[in-house]
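Here are the chains, one letter per residue:
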Amino acid sequence: MLDLDVASWPFGILFLDVLAVLYTAGFFWFVVRFSRARGRALREGGAAVAAYNASLKGFPNGFYAKMLGKRPL
């Protein structure tokens, strides 16, 4: 079995591991968030479309939206 002694890792490696976990969690959070907002916008229209379009702007929303290929409705 693989024996990992995390306590002996330098701070830089631990920082990069935590950063990778946060990035991955954020990616999945935004996949779910954008899909729910798009579904709501297509069902309800009007203000929901405006809210969806606004959710595609800013940081980190814009970064994930561009990476996922999301476009305003």
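How each quantity is defined
Residues numbered from 1 in each chain as written. Predicted model: local features only at pLDDT ≥ 70, side-chain atom pairs only at ≥ 80, totals over all residues. Heavy atoms only, no water. Buried < 20%, exposed > 50% of the residue type's maximum accessible area, 1.4 Å probe, protein only. Helix = DSSP H or I, 4+ residues; strand = E, 2+ residues; numbered from the N terminus. Arc of directions from axis to C-beta. Contact = heavy atoms within 4.5 Å. pLDDT = per-residue confidence, 0-100.

### A word on helix α3 (residues 61-68)
Link 1 in the chain: For α3, every residue scored as buried is listed here: Asn61, Tyr64 and Ala65. Down the axis of α3, the sector holding all buried residues measures 100°, keeping them to one side.
Link 2 in the chain: Those residues of α3 that are buried are in contact with α1 (11-44) and α2 (47-55).
Link 3 in the chain: A positive phi of about 75° marks glycine 69, the residue just after α3.

### Some words on unusual backbone geometry
Link 1 in the chain: A cis amide bond, omega 0°, links phenylalanine 59 with the succeeding residue proline 60.
Link 2 in the chain: With respect to the helices and strands, the residue proline 60 is situated in the loop between α2 and α3.

### Points about the side chain of asparagine 53
Link 1 in the chain: With respect to the helices and strands, the residue asparagine 53 is situated in helix α2.
Link 2 in the chain: Sequence-distant contacts of asparagine 53, defined by excluding residues within four places in its chain, comprise Pro72 and Leu73.

### Remarks on the confidence of the model for the protein
Link 1 in the chain: Of all residues in the protein, 99% have pLDDT values of 70 or greater, and the mean over the chain is 92.
Link 2 in the chain: Least confident of the elements in the protein is α3, whose mean pLDDT is 91; most confident is α2, at 95.

### A look at α2
Link 1 in the chain: Considered for burial, the residues of α2 that qualify are Ala48, Tyr52, Asn53 and Ser55. What you see down the axis of α2 is that its buried residues fit within an arc of 160°, all on one side.

### Quick word on the environment of alanine 48
Link 1 in the chain: Along the chain, the position of alanine 48 falls in helix α2.
Link 2 in the chain: Since its relative accessible area comes to 12%, alanine 48 is described here as buried.
Link 3 in the chain: Filtering out sequence-adjacent residues up to four positions away, alanine 48 remains in contact with Arg40 and Ala41.

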